[in-house]
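# Secondary and tertiary structure notes
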Amino acid sequence: MDHKLSFGEIISFAFKTGIRNFPSLLGCVVLWFLTFWIPYINVGTTIALSTLPAMLSRGEVISPLRIFDGSYRRCMGEYFLALGLKNLVVAPGVLFAFVPAIIMHITYSLTTLLVVDKARPATEAMSLSLKATEGHRATIFFWTVFVFVVLTLIPFLILQKIWTPLALIYVLVSSVVGLAGKAYIYGQLTAHIPDASENQSQGFPVMTTA
């Protein structure tokens, strides 16, 4: 099934979901900062933080304490492998005027989410990400540029001239909106992939709705 991405729907979902989840997402970040110095625990919380779009894609209201779920630590092997393979593919693109690196980054941008949320092995997750983003990479690129330049950078530079703390607060809000936008993209492009609950016996985290 072809899952078409609508730029307008990405924006709508991003703002509605991002603003609704802002307090809880801010709580996740605060708890991550407070506990990042704790060995082993910090692995799970970091994986949880980086894969929040998987939960947001289902419209969940996230509990900040969710980042301490032990299931995140259990999948760290595949997560690190996926992250390493992804960076291994993207890095050479930097040598060719960055454009191939950007394309490869977008192509495999869903890899770690698929590892954690869908319980897929790293190599399979990369293949699934490649197929899922095919035909949608331009939309994902323009959304990324929109978030960085229009939604974040320009307002930040303007607000910084007024009051720096206000500019920093705004960046937090825009970051949450950007995260929610990625959640929508992930949800639309991977809806056809079986849920992780089918692989619960493998020991991967199963993210059920609240």
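We now turn to the structure provided with this report. (Residues numbered from 1 in each chain as written. Predicted model: local features only at pLDDT ≥ 70, side-chain atom pairs only at ≥ 80, totals over all residues. Heavy atoms only, no water.)

## Some thoughts on the overall build of the chain
Each helix and strand counted, the chain has 11 helices and zero strands in total. Reading the chain from its N end, one meets helices and strands in the order α-α-α-α-α-α-α-α-α-α-α. Here the C-alpha atoms of the chain give a radius of gyration of 17 Å, agreeing with the 17 Å that 2.2 N^0.38 yields for 210 residues. The proportion of buried residues among the 210 residues of the chain is 43%. Taking all contacts inside the chain whose residues are at least 6 apart in sequence as the whole, residues at least 24 apart take part in 72%. Surface exposure of the chain reaches about 10800 Å², of which carbon and sulfur atoms provide 71%. Side-chain charges in the chain split into 14 positive and 10 negative, and the spacing between the mean points of these groups amounts to 7 Å. (Helix = DSSP H or I, 4+ residues; strand = E, 2+ residues; numbered from the N terminus. Rg over C-alpha atoms; globule rule 2.2 N^0.38 Å. Buried < 20%, exposed > 50% of the residue type's maximum accessible area, 1.4 Å probe, protein only. Contact = heavy atoms within 4.5 Å. Areas by Shrake-Rupley, 256 points an atom, 1.4 Å probe, with all protein chains shown as cover. Lys, Arg positive; Asp, Glu negative; His and termini not counted. Charge placed at Lys NZ, Arg CZ, Asp CG, Glu CD.)

## Re the environment of A138
Within the fold, A138 resides in helix α10 (residues 137–162). Assessed through its relative accessible area of 48%, A138 is described here as partly exposed.

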